[in-house]
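Residues per chain are reported as follows:
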Amino acid sequence: AGPPITLMPFKMTANVRLRTGRENGPVFARGGAMGGIALHLRDGVPVLTLRSLVGSAKYEIVGNQPLAKGDNLLGLVIERIPAANGQSAKVKATLLKDGREIGQRTVEYLMPATYGVAETFDIGIDWGNSVSPNYTPGVPFPGTLSNIVFDFNR
């Protein structure tokens, strides 16, 4: 069970505290290597990975700067242009750092309602297969995550 991030547009915010500003690890993940969505850090830089169930399509929206050592407000806005059931939709993803845009990209992506029973919705860890090879599954986020909010009333 988890928020309907694969079905609806949303805004996510999280308070992130880092020891170095170079950390790697998942903020949240849904799905796995055979299809999924994950917001994670790669050397401190926010990255949204979208992996398609069909074929090997993988998209990354990468921030243009890392989060800082200490406290940060990380944000993600997902906007979806509806498509016919089972068809790819245009997904516009915007990464935010302390309320300022640090990355944005629009991709055609088939975001299914579910990724299978074994691929859960996870916060601060990615159980099962990882959506991105840039972090290790089953290893907790190396900083502190708090006040994680998914807002579907945009």
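See the structure above.
Since the model is a prediction, treat every value here as computed from it, not as a measurement. (Residues numbered from 1 in each chain as written. Predicted model: local features only at pLDDT ≥ 70, side-chain atom pairs only at ≥ 80, totals over all residues. Heavy atoms only, no water.)

Moving on to the overall build of the protein. Scanning the protein for helices and strands turns up zero helices and ten strands. Its helices and strands in sequence order give the protein the pattern β-β-β-β-β-β-β-β-β-β, from N to C terminus. Scored against the burial criterion, the 154 residues of the protein give a buried share of 44%. The long-range share in the protein, meaning contacts at least 24 apart out of those at least 6 apart in sequence, stands at 59%. As displayed, the protein has an accessible area near 7,400 Å², and 52% of this comes from carbon and sulfur atoms. (Helix = DSSP H or I, 4+ residues; strand = E, 2+ residues; numbered from the N terminus. Buried < 20%, exposed > 50% of the residue type's maximum accessible area, 1.4 Å probe, protein only. Contact = heavy atoms within 4.5 Å. Areas by Shrake-Rupley, 256 points an atom, 1.4 Å probe, with all protein chains shown as cover.)

Turning our attention to the sheet that holds strand 9 (residues 121–123). With respect to topology, five strands assemble into an open sheet ordered 5-4-3-2-9, the strand pairing being antiparallel. The sheet terminates laterally at strand 5 (58–62) and strand 9, the two strands that pair on one side only. Averaged over neighbouring strand pairs, the angle between their axes works out to 10° when direction is ignored. Of the pairings in the sheet, the one linking strand 3 (residues 35–42) to strand 4 (residues 45–51) comprises seven bridges and is antiparallel in character. When the bridges of strand 4 are listed, Arg42 appears paired with Val45. (Pairing = 2+ DSSP bridges. Axes fitted to C-alpha atoms, helices over the stretch in contact; angles between N-to-C directions.)

A complete count under the given rule lists five aromatic pairs for this structure. Between Phe10 and Phe150 the ring centres are 5.7 Å apart and the planes differ by 50°, which places this aromatic pair in the tilted class. Within this pair, whereas Phe10 is found in strand 1 (residues 10–18), its partner Phe150 is found in strand 10 (residues 144–151), the two being separated by 140 residues in sequence. Judged by relative accessible area, Phe10 falls into the buried class, the value being 0%. Ring centres of Phe121 and Phe150 lie 5.8 Å apart, and the angle between their planes is 70°; this geometry places the pair in the edge-to-face category. Here Phe150 lies in strand 10 and Phe121 lies in strand 9, a separation of 29 residues in the sequence. Overall, Phe121 belongs to the buried group, its relative accessible area being 18%. (Phe/Tyr/Trp six-rings, centres within 6.5 Å; stacked < 30°, edge-to-face > 60°.)

In this section: the environment of Gly103. Tracing the chain through its elements places Gly103 in strand 8 (residues 100–109). For Gly103 and Asn64, which are 39 residues apart along the polypeptide, the C-alpha to C-alpha distance reads 6.1 Å. Leave out the neighbours within four places in its chain, and Gly103 touches Ile61, Val62, Ala93, Thr94 and Leu95.

A full pass over the atoms with the stated rule returns two salt bridges. Across the salt bridge formed by Arg17 and Asp71, the nearest N and O atoms sit 2.6 Å from each other. Of this pair, Arg17 sits in strand 1 while Asp71 sits in strand 6 (residues 70–81), and the two are 54 residues apart along the sequence. Residue Glu60 is joined to Arg42 by a salt bridge in which the shortest nitrogen-to-oxygen separation is 3.1 Å. With Glu60 in strand 5 and Arg42 in strand 3, this residue pair connects regions lying 18 residues apart in the sequence. (Salt bridge = Lys/Arg side-chain N within 4 Å of Asp/Glu carboxyl O.)

On to the nonpolar core. Counting 27 residues, the largest nonpolar core has Phe10, Met12, Phe28, Leu39, Leu48 and Leu76 as its most contacted members. Of all the elements in the fold, those that place two or more residues in this core are strand 1, strand 2 (25–32), strand 3, strand 4, strand 6, strand 7 (89–97) and strand 8. Residue contributions to this core peak at five residues, all from strand 1. (Core = buried A, V, L, I, M, F, W, Y, C linked by side-chain atoms within 4.5 Å.)

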